[in-house]
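One-letter residues, chain by chain:
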Amino acid sequence: MDLIRLRHLQLSRRKYLTISGISSMSFLLGGCGTPIFEDLVGTLSEPLNQKIEKLIFSPQKAVPEFSISEIQPEELIVNTFRYTPIIDIEKYRLIIDGEVDHPLSLSMAEIQNLPLTSMIIRHICVEGWAAIVQWGGIRLREIIALAQPKSNVRYAYFKSADGYYESWDIASALHPQTLLAYQKNGEPLPVDNGAPLRLASPIKLGYKQSKWVTQITLTSHLTPFQGYWEDQGYEWFAGI
Ligand SMILES: Nc1nc2c(c(=O)[nH]1)N[C@H]1C(S)=C(S)[C@@H](COP(=O)(O)O)O[C@H]1N2
Ligand SMILES: [Mo]
């Protein structure tokens, strides 16, 4: 009886999350006739709230990186648990919403206009393999800063086009080596590795690094849905 009730609550919660995701998305897409990139540049000059600003500018320990000769192109195993989604790049938008002053809806062209950061790090999967990979993309902290998060934001939720979902602590999301990557080993990111946009970071295990990210929601609280693997018993923080 209790178990069934819990399951039911989880299901209705899941339904609610989906619906609220869709309605906030149509709000974003429908709400503005002005060129988004001009809006974006406008927000760059606005001050960030002090708490988030402190996290972004406080010296976070950089993880040592590898050299180009150490890249292991054959070692990165495609690890997809559901299916590889088909994404129309012309229609693709990255949504950034939640407890923010400037919700965003960005095309890949707008994202690729932002500064490119490249890093060579080790990807570690709990299934017992690792690979040294070069990732190129935009620092997640720069996108988060553009959205102007409110000072009570503590978590970032990531929704993926294959139904995968993840949540991260905000400090890890704001780490300078946490990227939204669209390049792998100097080439455009292959679809199997998460194109158009995936998370890449040397401070988290492989399952935290969502592929095919479509939505980032900044919140002050964790929901009962913490991540695709976490909800099946994997550790939430999953730091390296
Ligand atoms: N959307 C999505 N992201 C995902 C996964 C997935 O199945 N779906 N698998 C995760 C796991 S366990 C790992 S190890 C890495 C694998 O990335 P790769 O397929 O590019 O090697 O993606 C992570 N991100
Ligand atoms: Mo993994």
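Values in this document were obtained by computation on a predicted structure and should not be read as measured data.

So, how was this worked out
- Positions within a chain are numbered from 1, following the residues in the order the chain's sequence is written.
- Each chain takes a letter, starting from A, and each ligand takes a number, starting from 1, following the order in which they are written.
- Local features are withheld for residues below a pLDDT of 70 in this predicted model, meaning they are given only at 70 or higher, and side-chain atom pairs are given and counted only at 80 or more; totals for whole chains, interfaces and linings count all residues.
- To obtain the side-chain values, all non-hydrogen atoms of the structure were included, while hydrogens and water were left out.
- Under the scheme used here, helices are H or I runs from DSSP no shorter than 4 residues and strands are E runs no shorter than 2 residues, and both carry numbers assigned from the N terminus.
- Any residue under 20% of the maximum accessible area for its type is buried, any over 50% is exposed, and the rest in between are partly exposed; the area is computed with a 1.4 Å probe on protein chains only.
- Points on a 1 Å grid over protein atoms alone make up a cavity when a 1.4 Å probe fits among them but cannot get out, and a pocket when they form an open set with protein on both sides within 12 Å along at least five of seven lines; lining residues each have an atom within 4 Å of a point.
- Grid points are joined across faces, edges and corners, and a volume is the space filled by probe spheres set on the points.
- Asp, Glu, Lys and Arg are counted as charged, while Ala, Val, Leu, Ile, Met, Phe, Trp, Tyr, Cys and Pro are counted as nonpolar; the rest, among them Gly, fall into the polar class.
- The quantity known as pLDDT measures the predictor's confidence residue by residue, on a range of 0 to 100.
- Contacts are residue-level and defined by heavy atoms, with any inter-residue pair within 4.5 Å sufficient.
- We define a nonpolar core as any set of buried Ala, Val, Leu, Ile, Met, Phe, Trp, Tyr and Cys residues linked to one another through side-chain atoms lying within 4.5 Å.
- The criterion for an aromatic pair is that two Phe, Tyr or Trp rings (for Trp, the six-membered ring) have centres within 6.5 Å, with stacked assigned to planes under 30 degrees apart, edge-to-face to planes over 60 apart and tilted to the rest.
- Whether a charge sits over a ring comes down to the Lys NZ or Arg CZ being within 6 Å of the ring centre and within 35 degrees of the ring normal.
- For this purpose, a residue is taken to be near a molecule or strand whenever a single non-hydrogen atom of the residue falls within 4 Å of it.
- In the analysis that follows, any N or O atom pair within 3.5 Å is treated as a polar contact, provided that within protein one partner can donate a hydrogen and the other can accept it, and provided that, for residues neighboring in sequence, both atoms belong to side chains.
- In this description, accessible areas are obtained by the Shrake-Rupley approach with a 1.4 Å probe, and a residue is regarded as covered only by the protein chains that are shown.
- Whether two strands pair depends on DSSP finding at least two bridges between them.
- With axes taken as lines fitted to C-alpha atoms, and helix axes fitted only over the stretch in contact, angles between N-to-C directions fall between 0 and 180 degrees.

Caption draft 1: Quick look at the environment of His102. Its location among the elements puts His102 in the loop between strand E1 (94-98) and strand E2 (104-106). Accessibility expressed as a relative area gives 26% for His102, which makes it partly exposed. With 42 residues separating them along the chain, His102 and Ile144 place their C-alpha atoms 9.8 Å apart.

Caption draft 2: Structural context of empty space enclosed by the protein. This model, assessed by the stated rule, comprises one cavity of 30 Å³ or more. In this structure, the largest cavity encloses a volume near 290 Å³. In terms of lining residues, the largest cavity is bounded by 24 residues, among which Asn79, Phe81, Gly206, Tyr207 and Lys211 are the most central. Considering only residue class, the lining of the largest cavity consists of 12 nonpolar, seven polar and five charged.

Caption draft 3: Just the confidence of the model for the protein, in detail. Looking at the protein as a whole, its pLDDT mean stands at 84, while 80% of the residues score no less than 70. Predicted confidence for residues 1-45 stays below pLDDT 50, and this span has 36 contacts to residues more than four positions away or in other chains.

Caption draft 4: A look at the nonpolar core. With 33 residues, the main nonpolar core has Leu94, Ile96, Ile111, Leu180, Ile216 and Leu218 as its most contacted residues. Ranked by the residues each element gives to this core, the list is headed by helix H5 (residues 140-146), at five residues. Grouped together as the second largest cluster of nonpolar side chains are 13 residues, Leu76, Ile121, Trp129 and Ala195 included.

Caption draft 5: Representation of the packing of aromatic side chains in the model. If you walk through the whole model with that rule in mind, you get nine aromatic pairs. Each ring, one from Tyr207 and one from Tyr234, has its centre 5.0 Å from the other, and the planes form 80°; the classification is edge-to-face. With a gap of 27 residues between them, Tyr207 in the loop between strand E9 (198-200) and strand E10 (213-219) and Tyr234 in the segment after E10 connect regions that are remote in the sequence. Residue class for Tyr207 comes out buried when judged on its relative accessible area of 8%. A relative accessible area of 30% means that Tyr234 is categorised as partly exposed. Members of the aromatic cluster, joined through ring pairs, are Phe81, Tyr164, Tyr207, Tyr228, Trp229 and Tyr234. Over the ring of Trp168 we find Lys204; its NZ or CZ atom is 5.7 Å from the centre of that ring.

Caption draft 6: Up close: the site of ligand 1. Around ligand 1 sit 21 residues in total, of which Ile77, Asn79, Asn193, Arg198 and Lys211 are the nearest. Asn79 has a polar backbone atom sitting 2.8 Å from an oxygen atom of ligand 1. If ligand 1 stood free it would expose 530 Å²; the protein chains cover 99% of that surface. Classifying every residue of the shell around ligand 1 by side-chain character gives nine nonpolar, eight polar and four charged.

Caption draft 7: Expanded view of the sheet that holds strand E5 (residues 155-160). If you walk across this open sheet you meet the five strands as E2-E1-E10-E5-E6, and the pairing is mixed. The open sheet terminates on both sides in strands that have one partner only, identified here as E2 and strand E6 (165-169). The average undirected angle you get between the axes of adjacent strands in this sheet is 15°. Across four bridges, the pairing between E1 and E10 is parallel. Residue pairing for E10: Ile95 is matched across the bridge by Gln215.

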